[in-house]
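# Understanding the architecture of this molecule
So the chains spell out like this:
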Amino acid sequence: MCKILLSINPEHVAHILDGSKEYEFRKIKCREGVDGIIIYCTAPVKQVVAEADIDTILEDTPENVWLQTEKKSGISAEFFFRYYEGKAKAIAYKLTNLNIFDEPKTLADYGVSTAPQSFVYVQS
């Protein structure tokens, strides 16, 4: 199995860490066999702050994904639909077993040299 390392805005990372955001939304689905997410907090933090397992991956129209995730999305409907504007499908990774690091890690700890625009695969 492997994980994906995601670059996530500090505001959204804060919502993941406080439990109000249980879904991470993307426009592109990762390949099969990915079982976890490595959470890289973008500038100004620029560190890997946590990892989580993927419980489920939802893939449907933005409207249907929103109906299933809105209560634990950690974002507003306006933000969600602006993100998916013009897109036929939305991807939502449901996070579980969140492991928040006492000491943040660097990208180099995962063999990654630069923060990904979308995501990068990392072997478990």
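Our structure is the block above this text.
Quick look at the structure, then. No experiment lies behind these values; they were computed from the predicted model shown. (Residues numbered from 1 in each chain as written. Predicted model: local features only at pLDDT ≥ 70, side-chain atom pairs only at ≥ 80, totals over all residues. Heavy atoms only, no water.)

The next point concerns unusual backbone geometry. The step from Ala-43 to Pro-44 runs through a cis peptide bond, and the omega angle for that step is 10°. Inspection of the secondary structure puts Pro-44 in the loop between β3 (34–41) and β4 (47–60). Phi is positive for Asn-97, close to 50°, though the residue is something other than glycine. Among the structural elements, Asn-97 can be located in strand β5 (residues 90–105). (Helix = DSSP H or I, 4+ residues; strand = E, 2+ residues; numbered from the N terminus.)

Going through the model one piece at a time under the given rule, you end up with eight aromatic pairs. For the ring pair Trp-66 and Phe-81, a centre distance of 6.1 Å and an interplane angle of 65° mean the geometry is edge-to-face. Of the two residues, Trp-66 sits in helix α2 (residues 62–69) while Phe-81 sits in helix α3 (residues 77–83), which places them 15 residues apart along the sequence. Exposure remark for Trp-66: the relative accessible area of 9% places this residue in the buried category. In this structure Phe-81 comes out as partly exposed when scored by relative accessible area, which is 31%. Arranged with centres 5.4 Å apart and planes meeting at 85°, the rings of Phe-119 and Tyr-121 form a pair that is edge-to-face. (Phe/Tyr/Trp six-rings, centres within 6.5 Å; stacked < 30°, edge-to-face > 60°. Buried < 20%, exposed > 50% of the residue type's maximum accessible area, 1.4 Å probe, protein only.)

Summed over all chains, the structure comprises eight salt bridges. Ionic pairing is found between Glu-24 and Arg-26, a salt bridge with its closest N-O pair at 2.9 Å. The pair Glu-24 / Arg-26 is uniform in exposure class, with both members buried. Between Glu-59 and Lys-89 there is a salt bridge, and its shortest N-O distance comes to 2.9 Å. With Glu-59 in strand β4 and Lys-89 in the loop between α3 and β5, this residue pair connects regions lying 30 residues apart in the sequence. If you follow the salt bridges from partner to partner, you end up with Lys-29, Glu-32, Glu-59 and Lys-89 in one network. (Salt bridge = Lys/Arg side-chain N within 4 Å of Asp/Glu carboxyl O.)

All right, on to a nonpolar patch on the surface then. Taken together, the side chains of Leu-17, Leu-98 and Ile-100 define a hydrophobic patch exposed on the protein surface, amounting to about 210 Å² of accessible area. With respect to the helices, strands and loops of the structure, Ile-100 is situated in strand β5. Under the relative-accessibility criterion, Ile-100 is labelled partly exposed at 43%. (Patch = residues over 30% accessible without salt bridge, like charges linked within 9 Å, V, L, I, M, F, W, Y side chains within 5 Å. Areas by Shrake-Rupley, 256 points an atom, 1.4 Å probe, with all protein chains shown as cover.)

Turning our attention to the pairing of β4. Judged from the six bridges that link them, β3 and β4 form a sheet pairing that is antiparallel. Opposite Ile-39, over in β4, you have Ala-50 as the bridge partner. The antiparallel pairing of β3 with β4 creates a hairpin that spans five residues between the two strands, and Lys-46 there sits at a positive phi of about 55°. With ten bridges joining them, β4 and β5 adopt antiparallel strand pairing. Counted as the bridge partner of Asp-60 is Ala-90 from β5. (Pairing = 2+ DSSP bridges.)

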